[in-house]
Amino acid sequence: MNMLISKKSLCFGLLIFLLAGFNSCKKGADEKPAVAEPSEKKMASKDGEKKDPKKGEDPKEKKDDKPDVSVYPGFDFGKLAVEHQKLFIEVAKTELCPCPDSKGSLHECLQSEDPKIRCVVSMQAAEIIAIMANGGMGKTDIYEKVSEFIDSTKKIHTFDLKNSPFRGNKDAKVVLVEFADFQCPHCKEAASIMKDLSDKMGDKIAFYYKNFPLGSPLSVPAATAALAAHKQGKFWPMHDLLFQDQRTLSEEKIESLAQGIGLNMKKFKSDLRNPEI
């Protein structure tokens with residue numbers, strides 16, 4: 001809500017003042033005329049600037065007013081209902097900003113357009129608050145979930161990557177580990193994205209693949225075949241074909257794919273029974 005007093009409001013106030021004075025004259029000269037008191041919530045200076053009698057209070061964030069939907073650049077704050085916007089601001093003002101270069105609250109860093117101060121994690125935290133506020137969650141639950149999320153971003157996860165298939169530079173500082181199932185349609189969609197990312201980043205990252213069979217009838221046979229192909233240095237060709245032919249896979253089709261990429265079939269069949277795999 002715009003807190004500047006409009007010309008119409010000033011004219012109305014002046015009219016009240018004159019009417020009050022006129023009525024006081026009818027009552028008697030010894031009675032003091034009634035004078036309209038200035039609003040306790042808002043006042044206007046001569047130059048039209050916003051003023052508030054209470055120091056330190058931001059007119060845009062008064063409890064009786066709608067918050068400014070443009071308060072957070074790059075974040076669609078207007079998608080929230082007014083009561084949820086107020087809850088969001090209250091939580092954001094209390095929560096510390098998770099960005100390394102920010103020393104203020106989440107509310108403060110979300111208002112910055114500097115990517116070092118308003119980092120990706122802060123924007124993700126904002127999304128969590130928005131989703132939970134919109135879902136009717138209370139402050140305590142929101143604080144707990146945001147705190148859990150921020151703590152999780154600080155954890156370093158380690159995996160046993162020995163003998164795991166990988167692309168890129170084994171000594172790269174950035175290590176990406178994907179867990180996937182050759183029978184999962186979402187994993188198939190992700191596979192092309194991960195390949196594009198790996199091709200684009202080259203030696204800047206190490207991209208490892210880990211099997212995560214989810215229970216489809218051919219999830220384990222496909223995962224086993226991929227690792228058997230890895231024994232002969234052909235994991236990625238097998239990986240691509242297993243996803244490509246995901247809908248038509250069978251044990252016979254998997255064997256045909258192994259032949260198609262030129263595997264030593266005797267070794268391949270032996271490795272399928274290898275306890276290590």
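Residues numbered from 1 in each chain as written. Predicted model: local features only at pLDDT ≥ 70, side-chain atom pairs only at ≥ 80, totals over all residues. Heavy atoms only, no water.

The tendency in soluble globular proteins is for nonpolar side chains to be buried as a group. Counting residues in hydrophobic clusters, the biggest one holds 28 residues, and the most contacted among them are F182, Y209, M238, L242, L249, L263 and F268. Looking at this core, the elements with two or more residues in it are α6 (185-201), β5 (205-211), α7 (219-230), α8 (235-244), α9 (251-260) and α10 (265-272). In contact with F182, other than residues within four places in its own chain, are Y209, N211, A222, A223, A226, F235, H239, L242, F243 and Q246. Counting residues in each nonpolar core, the second largest holds 26 residues, with F75, C97, M132 and I142 among its members. (Core = buried A, V, L, I, M, F, W, Y, C linked by side-chain atoms within 4.5 Å. Buried < 20%, exposed > 50% of the residue type's maximum accessible area, 1.4 Å probe, protein only. Helix = DSSP H or I, 4+ residues; strand = E, 2+ residues; numbered from the N terminus. Contact = heavy atoms within 4.5 Å.)

Enumeration according to the criterion identifies 13 aromatic pairs in this entry. Between the aromatic rings of F182 and F243, the centroid separation amounts to 4.9 Å while the plane-to-plane angle is 50°, which identifies the pairing as tilted. You can see F182 sitting in the loop between β4 (174-180) and α6 and its partner F243 sitting in helix α8, a full 61 residues away along the chain. One exposure class covers both F182 and F243, and it is buried. Aromatic ring contacts, followed pair by pair, group F182, F207, Y209, F235, W236 and F243 into a single cluster. (Phe/Tyr/Trp six-rings, centres within 6.5 Å; stacked < 30°, edge-to-face > 60°.)

Evaluation of the coordinates by the stated rule reveals two disulfides. The side chain of C97 participates in a disulfide bridge whose partner is C109; the two sulfur atoms lie 2.3 Å from each other. In this structure, the disulfide formed by C97 and C109 twists by about 90° around the S-S bond and is classed as right-handed. Placement of C97 in the loop between α2 (82-94) and α3 (106-110) and of C109 in helix α3 is noted, with a sequence separation of twelve residues between them. Using a relative accessible area of 9% as the deciding quantity, one classes C97 as buried. Given the relative accessible area of 1%, C109 is considered buried. The residue that forms a disulfide with C99 is C119, at a sulfur-sulfur distance of 2.1 Å. Across the disulfide from C99 to C119, rotation about the S-S bond amounts to roughly -90°, and the bridge is consequently left-handed. In this pair, C99 sits in the loop between α2 and α3 while C119 sits in the loop between α3 and α4 (120-134), placing the two residues 20 residues apart along the sequence. Neither residue differs from the other here; C99 and C119 are each classed as buried. With its disulfide-bonded cysteines labelled consecutively along the sequence, the chain is connected as 1-3, 2-4. (Disulfide = S-S within 2.5 Å.)

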